[in-house]
Amino acid sequence: MGLVQELGGPLAEGFARLGLASQVAVAVGGFLFLSVFFNVLSQILFKNPNEPPLVFHWFPFVGSTITYGMDPPRFFRENKAKYGDCFTFILLGKKTTVYVGPKGNDFILNGKIRDVCAEEIYTVLTTPVFGKDVVYDCPNSKLMEQKKFMKIALTTEAFRSYVPIISDEVTSYFKRTADFKGQSGIVNICPKMAQITIFTASHALQGKEIRDKFDEKLADLYHDLDMGFSPLNFMLHWAPLPWNNRRDHAQRTVAKIYMDTIKSRRAQGESGAQDMMYHLMNSTYKNGVKVPDHEIAHMMIALLMAGQHSSSSTSSWIMLRLASRPDIMEELYQEQVKNLGADLPPLTYEDLAKLPLNQAIVKETLRLHAPIHSIMRAVKQPMPVPGTKYVIPTNHVLLAAPGVSATDEQYFPQPDLWEPHRWEKESPIAPSIVRNDPEEEEEKIDYGYGLVSKGTGSPYLPFGAGRHRCIGEQFANVQLQTIVAMTVRMFKFRNVDGSNNVIGTDYASLFSRPLEPANIYWEKREKHWE
Ligand code: HEM
């Protein structure tokens, strides 16, 4: 005590002699030092054996936010090596428990409704963008019914009608776009694939009338809606910031466009259409209530937004991968010539099944470049982790990262190699899920939107699993396979420098996508431009 007083006197005198700015700097420095000190001390002294290990971090609140945010897959891999499949890290002050590998995917994605909750996490981001009463702004049982309506609309008959629509959109896009004038050139492929994705999805799912509005104002409005999906908005979704104001204005305007279209379609007494809007206009909830127009409008926004980022980033990755492997692009062309005929007739839905390499391109690209790297759930009651002593408490958030097992050597030999041929049974690097007996039927379950495979034990889940599993998987496959098949007919791609390299990943938004500019060199296959 005496020593503290002896030292304290001169220290206090010295502090008083400093200018205000220096005093503030010293106080902030002292505060930082103490908070780091106690944060580190608490990690050393208070380890809870019943909770997963905590990733070491210097600063409270910030925790591992920066290392996670810079490269989530690397963060997962490195910490899996240090702590095992289940570990906790601090993400913006929140204890976030990651559980990777098939067991972790199953634990989180197939979690019971009384244990885990998606809407609590996502609603702040999605409700201002989609609108009220749909997806995460309603009870889960209602979302299950909404997913059922959307899934039922995606019939084989509907897919049959979508393939010509998508093919025509792709061909006409390349023919009219200034960046593809001439015999060859260099283009940043990502914005081009984003446009192709929105034109093809809006035309197939929402009808020609809505598609045509994308040439006018809808594209800009969707861009403004998109601004609402920034990671920053997990915290600032409510703030009257310019991009949030634009988001809110865009939401109201787009919803009105859809509601006006619904009204005019009802007035015309249309029948037998194949698009999603028409189907929703004729759907009724179990309690006998017809789906209200504002909910149809909001579901239309949700569907387009859900598909846009994932499909557009996947198609960009596919084109970049093809540019890095012109030999595979040539194989794809020859596959069409061999299986569909040398004159390459108009593509049909049935043709897609005759193009196994074309299918494998999508599968392999999603293995390495799953657009959704982190899937989160709130914990509603303490959850014991089977086979361990851990119990995940309700103040943690759970995070599933199916991309980790999809790039794990244990399941995929040479995991970092992009090799679409690995999906052939006889390939020496075929994953075990391909080599295993297909007769071994996967366990199926119905959460209220039709039977889906449970995915338990599968290391490959780019479309998720459980009650929140993607209902757009088949549509995305048809859309992507058609886009690839048509692009391959029209172009040869290669890297600008002729190398086999592929650009890095941008994790700054919620979805992982290629860093830009992602330039590729294109050359026309003249035969298919007449
Ligand atoms: C859910 C991936 C395309 C509509 C999901 C989930 C994943 C996913 C991982 C689960 C999210 C979670 O558990 O929280 C993908 C990928 C796509 C794709 C990789 C393309 C390559 C589409 C398309 C549509 C769509 C084209 C619409 C036509 C939905 C919907 C959900 C969903 C409605 C359900 C959300 C929920 O139940 O919480 N998707 N998706 N997706 N996706 Fe997709």
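Residues numbered from 1 in each chain as written. Predicted model: local features only at pLDDT ≥ 70, side-chain atom pairs only at ≥ 80, totals over all residues. Heavy atoms only, no water.

A. Broad picture of the overall build of the protein. Looking only at helices and strands, one finds 21 helices and 14 strands in the protein. For the protein, the C-alpha radius of gyration of 26 Å lies close to 24 Å, the compact-globule estimate for 530 residues. With respect to the three principal axes, the spread of C-alpha positions in the protein is 95 × 55 × 55 Å. A total of 530 residues make up the protein; the buried ones form 51% of that total. Counting contacts in the protein only where the partners sit at least 6 residues apart, residues at least 24 apart contribute 70% of the total. For the protein, the distance from the average site of its 57 positive side-chain charges to the average site of its 58 negative ones is 3 Å. (Helix = DSSP H or I, 4+ residues; strand = E, 2+ residues; numbered from the N terminus. Rg over C-alpha atoms; globule rule 2.2 N^0.38 Å. Buried < 20%, exposed > 50% of the residue type's maximum accessible area, 1.4 Å probe, protein only. Contact = heavy atoms within 4.5 Å. Lys, Arg positive; Asp, Glu negative; His and termini not counted. Charge placed at Lys NZ, Arg CZ, Asp CG, Glu CD.)

B. Highlighting the pairing of strand S5 (residues 375-379). The element S5 is largely enclosed, with a buried count of 5 among its 5 residues. By the alternation rule, side chains of S5 split into Ile375, Arg377 and Val379 and Met376 and Ala378, which are all buried. Pairing of strand S3 (residues 116-117) with S5 involves 2 bridges; the strand directions are antiparallel. Within S5, the position partnered with Val116 by the bridge is Val379. (Pairing = 2+ DSSP bridges.)

C. Here's a closer look at the site of the ligand. Lining the immediate surroundings of the ligand are 27 residues, of which Tyr136, Lys147, Arg377, His468 and Cys470 lie closest. Between the ligand and Arg377, the relevant distance is 2.7 Å, taken from an oxygen atom to a side-chain nitrogen or oxygen of the residue. In the model, an oxygen atom of the ligand is placed 2.6 Å from a nitrogen or oxygen of the His468 side chain. Mapped onto the shell around the ligand, the elements with two or more residues apiece are helix H7 (140-153), helix H15 (293-324), S5 and helix H21 (473-490). Its residues assigned to classes, the shell around the ligand shows 16 nonpolar, 7 polar and 4 charged. (Near = heavy atom within 4 Å. Polar contact = N/O pair within 3.5 Å; in protein donor to acceptor, adjacent residues only side chain to side chain. Nonpolar A, V, L, I, M, F, W, Y, C, P; charged D, E, K, R; others polar.)

D. Seen up close, the pattern of salt bridges. Counting across every chain of the model gives 26 salt bridges. A salt bridge links Glu295 to Lys142, with the nearest nitrogen and oxygen atoms 2.8 Å apart. On the criterion of sequence distance, the pair formed by Glu295 in helix H15 and Lys142 in helix H7 is long-range, its members being 153 residues apart. Overall, Lys142 belongs to the partly exposed group, its relative accessible area being 22%. Salt-bridge contacts for Arg265 lead to Asp275; the nearest nitrogen and oxygen are separated by 2.8 Å. Taken as a pair, Arg265 in helix H13 (residues 242-268) and Asp275 in the loop between H13 and helix H14 (276-281) lie far apart in primary sequence, 10 residues in all. Asp275 matches Arg265 in its accessibility class, with the two residues each being buried. A network of salt bridges, in which partner residues are shared, links Lys80, Asp85 and Asp408. (Salt bridge = Lys/Arg side-chain N within 4 Å of Asp/Glu carboxyl O.)

E. Representation of the packing of H13 against H15 in the model. One way to put it is that H13 packs onto H15 with a least axis distance of 9 Å and a crossing angle of 120°. When the axis of H13 is compared with that of H15, the two are oblique. Where H13 crosses over H15, the two elements pack in a sense that is right-handed. Residues Gln251, Val254, Ala255, Tyr258, Met259, Ile262 and Arg266 of H13 touch H15, and the partners they reach there are Asp293, His294, Ile296, Ala297, His298, Met300, Ile301 and Leu304. (Axes fitted to C-alpha atoms, helices over the stretch in contact; angles between N-to-C directions. Parallel < 35°, antiparallel > 145°, perpendicular 65-115°, else oblique. Left-handed = near helix turned anticlockwise from the far one by under 90°.)

F. Representation of empty space enclosed by the protein within the structure. One pass over the full model with this rule turns up 1 cavity of 30 Å³ or more. There is about 80 Å³ of room inside the largest cavity. Taken together, Leu366, Arg367, Ala370, Ile372, Ile375, Pro402, Gly403, Ala406, Tyr460, Leu461, Pro462 and Gly464 make up the full set of residues lining the largest cavity. For the lining of the largest cavity, the elements supplying multiple residues, two or more each, are helix H18 (356-368) and helix H19 (402-406). For the lining of the largest cavity, the element with the most residues is H19, which contributes 3 residues. Each residue belonging to the lining of the largest cavity can be placed in one class, and the counts come to 9 nonpolar, 2 polar and 1 charged. (1 Å grid on protein atoms, 1.4 Å probe; cavity = no way out; pocket = protein on both sides within 12 Å on 5 of 7 lines; lining within 4 Å. Points joined across faces, edges and corners; volume = space filled by probe spheres on them.)

G. Inspection of the side chain of Arg247 at higher detail. Within the element layout of this structure, Arg247 appears in helix H13. If we ignore the near neighbours within four places in the chain, the residues touching Arg247 are Pro128, Val129, Asp224, Leu225, Gly228, Asn233 and His237.

H. Spatial organisation of the sheet that holds S5. Taken in spatial order, the 5 strands of this open sheet run S1-S2-S8-S5-S3, and their pairing is mixed. With partners counted over all chains shown, the strands left at the sheet margins are strand S1 (86-91) and S3, one partner each. In the sheet, S5 pairs with strand S8 (residues 396-400) via 4 bridges, with the strands oriented antiparallel. In the strand pairing of S8, Ile375 is matched with Ala400.

I. Structural context of the sheet that holds strand S11 (residues 491-494). If you trace the 3 strands from one edge of the open sheet to the other, you get S4-S14-S11, paired in antiparallel fashion. The sheet terminates laterally at strand S4 (184-188) and S11, the two strands that pair on one side only. Mean inter-strand twist for the sheet, computed between neighbouring axes without regard to direction, equals 30°. Strand contacts of H15: S11 and strand S14 (519-524), with the helix running at about 75° to S11, the strand carrying the most contacts.

J. Representation of the coordination of the iron atom of the ligand. Protein coordination of the iron atom of the ligand rests on one atom only, Cys470 (SG), at 2.3 Å. Mapped onto the secondary structure, Cys470 falls in the loop between strand S10 (451-453) and H21. (Donors = N, O, S within 2.8 Å, 3.2 Å for Na, K, Ca; no water.)

K. View of the nonpolar core. Ranked by internal contacts, the top residues of the largest apolar core, which has 144 residues, are Tyr222, Tyr258 and Leu322. Ranked by residue count, the leading element in this core is H15, at 15 residues. Each residue touching Tyr222, except ones within four places of it in the same chain, is listed here: Phe214, Val254, Tyr258, Met300, Ile301, Leu304 and Met305. (Core = buried A, V, L, I, M, F, W, Y, C linked by side-chain atoms within 4.5 Å.)

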